Amino acid sequence: MKTRYHARSPNTMSATKNATAPSGSAKLVDDPAVISENGKYYKNKQSSPKKTDAGYSVDDEVQPAVEIVWKNVLIYIYLHGAALYGFYLCFTAAKLATLLWAYVLVVFGEFGITAGAHRLWAHRCYKAKLPLRVFLAVGQTLALQNDIYVWSRDHRVHHKFSETNADPHNANRGFFFSHVGWLLCKKHPDVIRRGKTVDVNDLLQDPVVFYQRKFYLPLILITCVVMPTVVPWYYWGESLTTAFFVASIFRYVITLNVTWLVNSAAHMWGNHPYDKGINPAENRFVAFLSIGEGWHNYHHVFPWDYKASELGKFSINPTKAIIDFFAWLGLAYDLKSVPERIIRNRVQRTGDGTHPFALEDSPYAFDDMEFEEAQFCEIIPKEKGDKKL
Ligand SMILES: [Zn+2]
Ligand SMILES: [Zn+2]
């Protein structure tokens, strides 16, 4: 297994990318709870604690034998095979209106994930009034990536334990695992065990999240299968078969793979202008496909900025533009961002030198801003009564 340690965290800033984990306490995998919980899976390797990019110590190197969930394997093989057939139909049978319809649904589903599940619910980057929350929930249901509660919970765990065994799609296990493999096997026990330490109580307090979860099965059938198929058939006479394979299956598989690229490609390839000590990277290609979620080095450093990026030259970010539009309509408000001086300080102290700020002679590159900066590095913004995630 490729091992990349995050010896530096955004909050502690203390190491170098790919550096060896700090030596010292060699405890860890001898933890009896780990062994008794997972005795049949684990190899008990000696290791040292390491920190995630959220600054939490975790026990890595404890590798279970992968337990494949064959039902999921068959489902995803079918989906991708059927999507290939849908792709074929795009050129041989589908009407132009059906192609446009599928494209609109791809963008709507992606927006439900990026602006909804990700920036609104998982990170609370901004607030939204009920009509916008319902709109976002419809898009998120269309994208069919688990309900908002599960999606947001897994995502908070991903941030808190990034690229460790407790990360649901740990990119240190390779491109395939972080892209789709994590959905084809049982969760690593650390994901479940450590995931319980992440507070998600706020999520179900939103009735939109609560009722989407309660009626999830009928909602996905209507939103993800019936609606995409019936509209082209009813309104412009598309055949049901073509509508199903193009606007439902092919469209769905595209959305899935685009989202998965954020977990895989954006954790592997790109610059690290904000923190060279973590693997999430600024990936323009992923940002383009995912309507703005590829600026992943910034996002893992400053998770609750509603832009999920710094703009300027990193400006491929339609999700930000659409949130701004809804803010203009009065449906989105309290949009949260990071002051430029905090970004400058961070770039100059921990960036890889590829950011324009890194070239400036500035008074910001001092550690005395770390305390002030720390609040911007939390997974969600702190509000009155919140527990630390
Ligand atoms: Zn990530
Ligand atoms: Zn995130």
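Residues numbered from 1 in each chain as written. Chains lettered and ligands numbered in written order. Predicted model: local features only at pLDDT ≥ 70, side-chain atom pairs only at ≥ 80, totals over all residues. Heavy atoms only, no water.

Asker: Even after reading the chapter, I still don't get the overall build of the chain, so can you show me in this structure?
Answerer: In terms of regular secondary structure, the chain is built from 15 helices and 4 strands. Within the chain, buried positions represent 57% of all 389 residues. Restricting the contact set of the chain to residue pairs at least 6 apart, pairs at least 24 apart contribute 71%. When the accessible surface of the chain is totalled, it reaches about 16,900 Å², and 64% of it is carbon and sulfur. (Helix = DSSP H or I, 4+ residues; strand = E, 2+ residues; numbered from the N terminus. Buried < 20%, exposed > 50% of the residue type's maximum accessible area, 1.4 Å probe, protein only. Contact = heavy atoms within 4.5 Å. Areas by Shrake-Rupley, 256 points an atom, 1.4 Å probe, with all protein chains shown as cover.)

Asker: Got a minute to help me understand the UniProt feature "transmembrane region" (unreviewed entry) in the chain in this structure?
Answerer: The residues that UniProt annotates with the feature "transmembrane region" (unreviewed entry) are residues 73-94, 100-121, 215-236 and 242-262. Helix makes up 95% of residues 215-236 and strand makes up 0%, while its end C-alpha atoms are separated by 30 Å. Strand forms 0% of residues 242-262 and helix 100%; the C-alpha atoms that close the span are 29 Å apart. (UniProt positions renumbered as here; feature names shortened; annotations may be inferred.)

Asker: Where do I start with a nonpolar patch on the surface in this structure?
Answerer: Residues Val226, Val230, Trp233, Tyr234, Tyr235 and Leu240 make up a contiguous nonpolar surface patch of roughly 650 Å² in combined accessible area. Looking at the nonpolar patch, the element that brings in the most residues is helix α9 (residues 216-236), giving 5 residues. For Trp233, a relative accessible area of 42% corresponds to the partly exposed category. (Patch = residues over 30% accessible without salt bridge, like charges linked within 9 Å, V, L, I, M, F, W, Y side chains within 5 Å. Salt bridge = Lys/Arg side-chain N within 4 Å of Asp/Glu carboxyl O.)

Asker: Mind showing me how you'd approach the pattern of salt bridges here?
Answerer: Opposite charge on two side chains allows them to pair when their charged atoms are near. Following the criterion strictly, the structure yields 17 salt bridges and no others. The partner of Lys336 in a salt bridge is Asp334, and the shortest N-O contact between them spans 3.1 Å. Judged by its relative accessible area of 12%, Lys336 is buried. Residues Glu373 and Arg349 are paired through a salt bridge, measuring 3.2 Å at the closest nitrogen-oxygen approach. Highlighted residues: Glu373 in helix α15 (residues 370-374) and Arg349 in helix α14 (residues 340-350), separated in sequence by 24 residues. The same class applies to Glu373 as to Arg349, namely buried. Here the salt bridges share partners, and the residues they tie into one network are Asp275, Arg346, Arg349 and Glu373.

Asker: I tried to follow the packing of aromatic side chains on my own but got confused; where do I start?
Answerer: In the structure shown here, the tally under the stated rule is 20 aromatic pairs. Clustering of aromatic rings is evident, with ring pairs tying together Phe108, Phe111, Phe135, Phe325, Phe326 and Trp328. It is Arg173 that lies over the ring of Phe177; its NZ or CZ is 4.0 Å from the centre. Of note, Arg344 hangs over the ring of Phe357, and the distance from its end group to the ring centre comes to 4.0 Å. (Phe/Tyr/Trp six-rings, centres within 6.5 Å; stacked < 30°, edge-to-face > 60°. Lys NZ or Arg CZ within 6 Å of the ring centre and 35° of its normal.)

Asker: Explain the layout of surface pockets to me, please; I cannot follow it from the model alone.
Answerer: Which parts of space are left empty comes out when a probe the size of a water molecule is rolled across the atoms. Each pocket or cavity is described by its volume, and for the largest pocket that value is around 890 Å³. As for the largest pocket, its lining consists of 34 residues, and the residues nearest its centre are Tyr76, Gln145, Asn146, Trp182 and Leu183. Elements with a minimum of two residues in the lining of the largest pocket: α2 (70-92), α3 (96-122), α5 (148-160), α9 and α10 (240-263). In terms of residue count, the dominant contributor to the lining of the largest pocket is α10 (7 residues). A per-class count over the lining of the largest pocket returns 17 nonpolar, 11 polar and 6 charged. (1 Å grid on protein atoms, 1.4 Å probe; cavity = no way out; pocket = protein on both sides within 12 Å on 5 of 7 lines; lining within 4 Å. Points joined across faces, edges and corners; volume = space filled by probe spheres on them. Nonpolar A, V, L, I, M, F, W, Y, C, P; charged D, E, K, R; others polar.)

Asker: I would appreciate a short explanation of the coordination of the zinc ion (ligand 1) in the present structure.
Answerer: The textbook angles at a metal center are 109.5 degrees for a tetrahedron of four donors and 90 or 180 degrees for an octahedron of six. All of the protein donors around the zinc ion (ligand 1) are His158 (NE2), His267 (NE2), His296 (NE2) and His300 (NE2); their distances to the metal are 2.1 to 2.2 Å. Donor residues for the zinc ion (ligand 1) sit on one chain with the sequence pattern H-x108-H-x28-H-x3-H. One end of the pair, His158, is in helix α5; the other, His267, is in the loop between α10 and α11 (284-289), with 109 residues separating them in the sequence. Per residue, the accessibility class of His158 equals that of His267, and both read buried. (Donors = N, O, S within 2.8 Å, 3.2 Å for Na, K, Ca; no water.)

Asker: Would you take a moment to explain the coordination of the zinc ion (ligand 2) for this structure?
Answerer: Every protein donor of the zinc ion (ligand 2) is accounted for by His118 (NE2), His123 (NE2), His155 (NE2), His159 (NE2) and His299 (NE2), and the metal-donor separations fall at 1.9 to 2.2 Å. Binding-site remark: the zinc ion (ligand 2) is held by donors from one chain whose sequence spacing is H-x4-H-x31-H-x3-H-x139-H. Pair noted here: His123 is in the loop between α3 and β3 (127-128) and His155 is in helix α5, with a separation of 32 residues, a long-range link. A residue is classified by how much of its surface remains accessible, and His123, at 0% relative accessible area, is buried.

Asker: It is not clear to me how α14 should be interpreted in this structure. Could you clarify?
Answerer: In an α-helix, one full turn covers 3.6 residues, which means residues spaced three or four apart are oriented alike. Most of α14 is tucked away: 9 of the 11 residues are buried. Those residues of α14 that sit buried are Ile342, Ile343, Arg344, Asn345, Arg346, Val347, Gln348, Arg349 and Thr350. The inward-facing, buried residues of α14 abut α12 (296-301) and α15.

Asker: I'm lost on the packing of α3 against helix α13 (residues 318-329) in this one. Help?
Answerer: A pair of packed helices is captured by two measures, namely the crossing angle of their axes and the spacing between those axes. Where α3 meets α13, the axes come as close as 10 Å, and the angle between the chain directions of the two elements is 75°. One element, α3, and the other, α13, form an angle in the roughly perpendicular class. Where α3 approaches α13, its residues Phe111, Thr114, Ala115 and Arg119 are matched on the opposing element by Thr319, Lys320, Ile322, Ile323 and Phe326. Partitioned by chemical class, the residues of the contact of α3 with α13 number 5 nonpolar, 2 polar and 2 charged. (Axes fitted to C-alpha atoms, helices over the stretch in contact; angles between N-to-C directions. Parallel < 35°, antiparallel > 145°, perpendicular 65-115°, else oblique.)

Asker: Any chance you could explain the nonpolar core here in plain terms?
Answerer: Soluble globular proteins tend to pack their nonpolar side chains together in the buried interior. Membership of the largest hydrophobic core comes to 39 residues, with the highest contact counts inside it found for Trp121, Tyr126, Leu132, Leu136, Phe302, Val338 and Ile343. For Leu132, the residues in contact, after removing those within four places along its chain, are Tyr126, Phe326, Leu331 and Ala332. Core analysis: the second largest hydrophobic core is formed by 30 residues, Ala102, Phe108, Leu183 and Phe245 among them. (Core = buried A, V, L, I, M, F, W, Y, C linked by side-chain atoms within 4.5 Å.)

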